[in-house]
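Okay, here's what each chain looks like letter by letter:
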Amino acid sequence: MEWKRPNTITGSAAEGSKYFRREDIEDRLWNEIDKNNHVLFLAPRRVGKSSIVKHMAKNNVHSFACLYEDIESDSSIQDFYRRLCRMTYVALSVVGKNKSLLSKWLKKWRITSIGKEKITIEKNDLDYRKEFFDLLRDLQVQRQKIVLFLDEFPDVLWKIYKRHGNDDAEILLNDLRTLRQTKAFKDVFVMVLLGSVGLSHIVKKVTGRADKVNDLHKEYLYALKPTQAMAFLDYLMKDATMQIDDETKKYLLDKIGHFIPYYIQLTIEECDDLLFEEQRPELTKPDIDKAYKILLKKHQYFEDWDSRLSKYFPHKYAYLSEVLSVCAANNKLTIQEIYNIALSHKNETEWKADLDDILIADGYISDEDDQYQFNSPFLKDWWKSRHPII
Amino acid sequence: MNTDIIQYQNANQSEEEIIKNFIVRQKEFARVMDDIRSTDEGSSFQHYIFVGSRGSGKSTLLRRIQVEFSLEKALKQQYVVVNLSEEQSAVYKLYDLWDYVIRDLNAMGFNIEKKDFRSYAPDMKSYTIVLHSQIISALQTKKKRLILLIDNFDRIIDSVGNDEDASLLRELLMNHKDIRIIGGSTVMSEHFWKYDKPFFQFFSIKKLESLSLEEVKKLLEFWSDKMHLPELAVQINKHPGKIESIRMLTDGMPRTMLLFVDMMINRPEQNGYHYLQLIVDKATPIYQERLSRLSPAQKKVLSELAYFWDAASVDELIPKCNMDGKTISALLNQLTQSKYVVKIKGATKNLLYRLEERFFNLWFIMTQGGIQQRLEAKALADFLEKWYDQADIQPSSGNNPYGIHSWTDKKAYDHWMSGSSSDNIPIANEVSQTAYVSIKNKKKTDVLKRSDQERFTSGFEEPIKKAIEDKNYVKGLELIQNAELDEGVRNYWMAIYYEHQKKFSDAEKYYLHAIQLGNVKALNDLSSYFYKQNKIQKIRDLFNQISKEMIGLFLKSYRQFAVILYLYSGKMDLFIKLAQEELTADKIVLDEFILSLLIHKQNNLVFNYFEINPKAKEHYKPLFYATLKLKGGMDQTLLKMPPEISQNVDDIISFIRTKQDFYYG
Ligand SMILES: Nc1ncnc2c1ncn2[C@@H]1O[C@H](COP(=O)(O)OP(=O)(O)OP(=O)(O)O)[C@@H](O)[C@H]1O
Ligand SMILES: [Mg+2]
């Protein structure tokens, strides 16, 4: 039998035919961009940020010049601005206007092109931060709006801080503020900054306060709603040999509990592998149980998630661990319940900070509509069996 | 015939040969190729990492993928393939990687200009990026995409202390869709699962596990066909126990299994343990090299841990290592870090440790261990071989591995028919081939053997047996009637004669005659026939009928079976008395005896026996853990179970449960 696999991708950002549209969030982001607002786009890892903005950058219906890049290797102010210069140049050259500007920079920065839409800036001994602000002034004259999607931005800020100290990090933060608050800049240049770690979490470490980025517009990416999750399943299974009826679909989703696309993809892939081996198209509930069990076994590296807490936060471990245990047992946890748990561990002062800076920042759980949930269903089930509530 | 297939495999094979010799890991291959073929332009690239220990088939799989691209036109048009195989061990940094890619591409007719790192140093990041962009630009000019096969991917991302290269590599992969990585890694690097690592859940990780029995058979059949040795394939279907035992004890990785196949070809007719010794010897250079990387103290702890075989705690290691607990813990942590050892965490605070690679553990035991350890290894290998040899059908399907419990089981019958003395009837076998059997016991058996020989004039019996086996009943009957035999023996053979023709009531009649004439073998056979049929009343009647002397004789010759019969028929006081005499601290009882006790629900009795007799526990590792599991509530001790026997333990338990259903409904 010719076996058609479901249309899954597990790892790289979902692009092209692998991308399941998330129009609600795309619209929200466009909306802010339209209003010339810089956006901080946040979600725990693997929730699907990059996939969304990659799609937006490629399929932009506005007259903006858009470009996406993962920037995680930048570790200095110079790196960062040199990249912004390069990206702006590429974004503009794709639009096809602004020829004279482009040739000016081409010479000044010694730009060489490598393949389509890819260039390098060869000249090293320029202050690219200065270059970039000059460039923005040129753009105002041209009235061309540039939108850059910068992936893993908080990592970059953190690296700059680590490597060059907080003066440099503060420069970057202040620049962000200037860019936000100067209307002339905002009209031609918008950034969408993506991150998995709360930026304010890092900013707090850098400056001691969080207010530097407080006025950045924030968008959060949440898990799929149940109806979306259903549609997502259909999307993955379109044309696939594997068949699954509605009731079984519901069963599968119930099993996963929290609908982060990545985990749905993994589960579907595992189910498909299982059926493929037996050359049997109909997916049943026992198949799902089995596939899920296999997945749990494959993701057995949770020991470390546990020991990390006890190792780095020995005094808070009892509190943190109980929050996770109750959350695992009930699938959800409210902030009120968490406070209640905190009191029983005499953690009145730091309970919220611990929640934010440890459990959320390190990817254990996240909150949505005032409910806290595990990001990974596998971690949740592992935790449940490791720390059962008696 | 002296063809080393390992060498054969490693030599420069032609593409056709690579395809033809690619027998296992088909599923993984198909998965990746399906995906590549169906990836349309503009869609994301799935990157893969195959995680498997040495010899698990990573390089072969990568090589096979490579060949597919060179043979299939459509793929060849779209892609170029670069394979950085294991030998290219000079790749330590990301720029090394790109540098090698450029060299390979240039060898294929690309014309990428060589950049000198000195014009970038110390800014090696720029150098790395430039090399990468050169590659991208060359690919785009040629309108191709690159499949990058990297054998030791873990080494590349682990090479530097920080995540610099890893971040950069992820960035490049995120920003360009021209390169797809398909890699191999010997370990599940923390880069793949730690939340704060760049490559957290970025790759599709495929584990290359131990081969299944079916896959090993496939390998064997392939090579026996190729080497024109059809007997080999036949052999293996007749004696699956050998493969099963070796597969389980050596982790069943393709390279080892191929070695095994090679030995079957070049040195046929050995028993499983023998092959195991040969395989272990071949592994010595590899493991010695691995040991040489450890400090003396680390070596000490690792060896002692290996001798435990089962997982052990720090406390247990203290007296063996002569070091204090703190030192041992620290050393174990180092060994865990370098993946020699795994930590096992149970419900209690007490951590357990064991060697990660189980074949390495076996190698320790068989090459570095003392006589006691080697005997344990032999006992386990023999046990597994026997268990899986006697299974007519896969034991997991609930079929009866020991045969003796089912009269209709063909193998057990053959087995029994081929014997001329009581030794060969499994349940009555007093001769345990191990060194543990006490001298006293041995003597008793010797005496028995002689007395048996006096009874049976085996010169006459051989032809009878053969005639019956050949279904030449006329001749068989003639021989029985005319041979010079003791009357008891004659009646006994009459019984066999009828039984073989499935005329059971006639058989029963002759058995009874034989028994009346003092033939104790007939008593054994008839009662085991009833036992296997679950005819409890028949057994009670039979034993009520016969004389005291006969019972005494039976107890002497077939003691353990007799004990089971008492248990089975509910004569508990007799059973208890006799069982206590058997289950002593210095005696290794038969495995069938233990199994039968467990079938008849004596978990605690067996458990107590293992408690007072540690040697028995070591000797029958799988039975010991099966007992624990049946008993329940011993989770902490169960954690000590070496993973290589866990399937066998499950098989034993399911066998016992099937038997319990049969006897107790
Ligand atoms: N819209 C989507 N359609 C299909 N699959 C998706 C989608 N969004 C996310 N996924 C799944 O989640 C995985 C991760 O997506 P993505 O890289 O976009 O997440 P991320 O939030 O950027 O993660 P990180 O913070 O680790 O960079 C994809 O490989 C895919 O399996
Ligand atoms: Mg991302």
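Residues numbered from 1 in each chain as written. Chains lettered and ligands numbered in written order. Predicted model: local features only at pLDDT ≥ 70, side-chain atom pairs only at ≥ 80, totals over all residues. Heavy atoms only, no water.

Trainee: Any details on the overall build of chain B? Residues and values, ideally.
Mentor: Helices and strands together make up the secondary structure of chain B, namely 36 helices and seven strands. Sorting the 665 residues of chain B into buried and exposed places 57% on the buried side. A sequence separation of at least 24 residues applies to 69% of the contacts in chain B between residues at least 6 apart. Roughly 28,600 Å² of accessible area belongs to chain B as shown, and the carbon and sulfur atoms make up 51% of that amount. (Helix = DSSP H or I, 4+ residues; strand = E, 2+ residues; numbered from the N terminus. Buried < 20%, exposed > 50% of the residue type's maximum accessible area, 1.4 Å probe, protein only. Contact = heavy atoms within 4.5 Å. Areas by Shrake-Rupley, 256 points an atom, 1.4 Å probe, with all protein chains shown as cover.)

Trainee: How would you sum up the environment of S70 of chain B? Please name residues and give values.
Mentor: Residues and elements named next belong to chain B. Topologically, S70 is positioned in helix 4 (residues 58-71). S70 sits 11 residues away from V81 along the chain, and the two C-alpha atoms are 8.4 Å apart. The residues touching S70, leaving out its near neighbours within four places in the chain, are E15 and K76.

Trainee: Account for the packing of aromatic side chains, with residues named and values stated.
Mentor: Applying the stated criterion across every chain, the model contains 69 aromatic pairs over all chains. Arranged with centres 6.0 Å apart and planes meeting at 70°, the rings of W382 of chain A and W383 of chain A form a pair that is edge-to-face. As far as burial versus exposure is concerned, W382 of chain A and W383 of chain A are alike and both buried. Ring centres of F662 of chain B and Y663 of chain B lie 4.9 Å apart, and the angle between their planes is 70°; this geometry places the pair in the edge-to-face category. When its relative accessible area of 36% is taken as the criterion, F662 of chain B is described as partly exposed. Under the relative-accessibility criterion, Y663 of chain B is labelled buried at 9%. In textbook terms, an aromatic cluster arises when at least three aromatic residues are bridged by ring pairs, as seen for Y531, F543, F554, Y558, F561, Y568, F662 and Y663 of chain B. Above the plane of the ring of W305 of chain A lies R308 of chain A, whose end atom (NZ or CZ) is 4.9 Å from the centre. Cation over ring: K631 of chain B sits above F607 of chain B, and NZ or CZ is 4.6 Å from the ring centre. (Phe/Tyr/Trp six-rings, centres within 6.5 Å; stacked < 30°, edge-to-face > 60°. Lys NZ or Arg CZ within 6 Å of the ring centre and 35° of its normal.)

Trainee: Explain the site of ligand 1 residue by residue, including any values.
Mentor: Around ligand 1 there are 24 residues in total, and I9, S12, K49, S50 and S51 of chain A lie nearest to it. Among the chains of the assembly, those with residues near ligand 1 are chains A and B. Take I9 of chain A: an N or O atom from its main chain is 2.5 Å from an oxygen atom of ligand 1. Between R46 of chain A and ligand 1, the recorded distance is 2.8 Å, taken from a backbone N or O atom to an oxygen atom. When ligand 1 sits alone it has 630 Å² of accessible area, and the protein chains cover 100% of it. (Near = heavy atom within 4 Å. Polar contact = N/O pair within 3.5 Å; in protein donor to acceptor, adjacent residues only side chain to side chain.)

Trainee: Break down the packing of helix 24 (residues 487-500) of chain B against helix 25 (residues 504-516) of chain B for me, citing the residues and quoting the values.
Mentor: Residue and element names in this part refer to chain B. Taken N-terminus to C-terminus, the directions of helix 24 and helix 25 make an angle of 165°; their axes are 8 Å apart at the nearest point. Taken together, helix 24 and helix 25 sit at an angle that is classed as roughly antiparallel. Of the two elements, helix 24 crosses helix 25, and the hand of that crossing is left-handed. Of helix 25, the residues touching helix 24 (which contributes G488, N491, Y492, M494, A495, I496, Y498 and E499) are F504, D506, A507, Y510, Y511, H513 and A514. Residue composition of the contact of helix 24 with helix 25, by class: 10 nonpolar, three polar and two charged. (Axes fitted to C-alpha atoms, helices over the stretch in contact; angles between N-to-C directions. Parallel < 35°, antiparallel > 145°, perpendicular 65-115°, else oblique. Left-handed = near helix turned anticlockwise from the far one by under 90°. Nonpolar A, V, L, I, M, F, W, Y, C, P; charged D, E, K, R; others polar.)

Trainee: So what about helix 14 (residues 272-292) of chain B? Which residues, and what values?
Mentor: All names here are of chain B. The terminal C-alpha atoms of helix 14, which comprises 21 residues, lie 30 Å apart, in line with the 30 Å expected from a rise of 1.5 Å per residue. In the structure, helix 14 departs most strongly from a straight axis at T284, where the bend amounts to approximately 45° and where the proline P285 lies between one and four residues downstream. G272, Y273, Y275, L276, L278, I279, V280, A283, T284, Y287, R290 and L291 are the residues of helix 14 that are buried. Close packing links the buried residues of helix 14 with helix 12 (240-249), helix 13 (254-266), helix 15 (296-308), helix 18 (358-368) and helix 19 (371-389). In this structure N271 caps helix 14, since a side-chain oxygen of it lies 3.2 Å from the backbone nitrogen of Y273. (Expected span 1.5 Å × (residues − 1). Bend = angle between axes of the 7 residues up to and from the residue.)

Trainee: Which residues make up the pattern of salt bridges, and what values go with them?
Mentor: Evaluated as defined, the whole model comprises 72 salt bridges over all chains. As a salt-bridge pair, D125 of chain A and K123 of chain A come within 3.0 Å of each other at their nearest N and O atoms. Taking relative accessible area as the criterion, D125 of chain A reaches 63% and is therefore assigned exposed. We classify K123 of chain A as partly exposed; its relative accessible area is 22%. Salt bridges linked by common partners bring R5, E269, D272 and D273 of chain A together with R31 and D34 of chain B together as one network. (Salt bridge = Lys/Arg side-chain N within 4 Å of Asp/Glu carboxyl O.)

Trainee: Give a description of the domain arrangement of chain A that names residues and reports values.
Mentor: Residues and elements named next belong to chain A. Segmenting chain A into domains produces domain 1 (36-220) and domain 2 (301-386). For domain 1 versus domain 2, the distance between C-alpha centres works out to 34 Å. Counting residues at the interface gives four residues for domain 1, matched by four residues for domain 2. Approximately 340 Å² of surface area, both sides summed, lies buried where domain 1 meets domain 2, with 57% of it carried by carbon and sulfur atoms. (Domains from an automatic or database assignment. Buried area = accessible area lost by both parts, 1.4 Å probe.)

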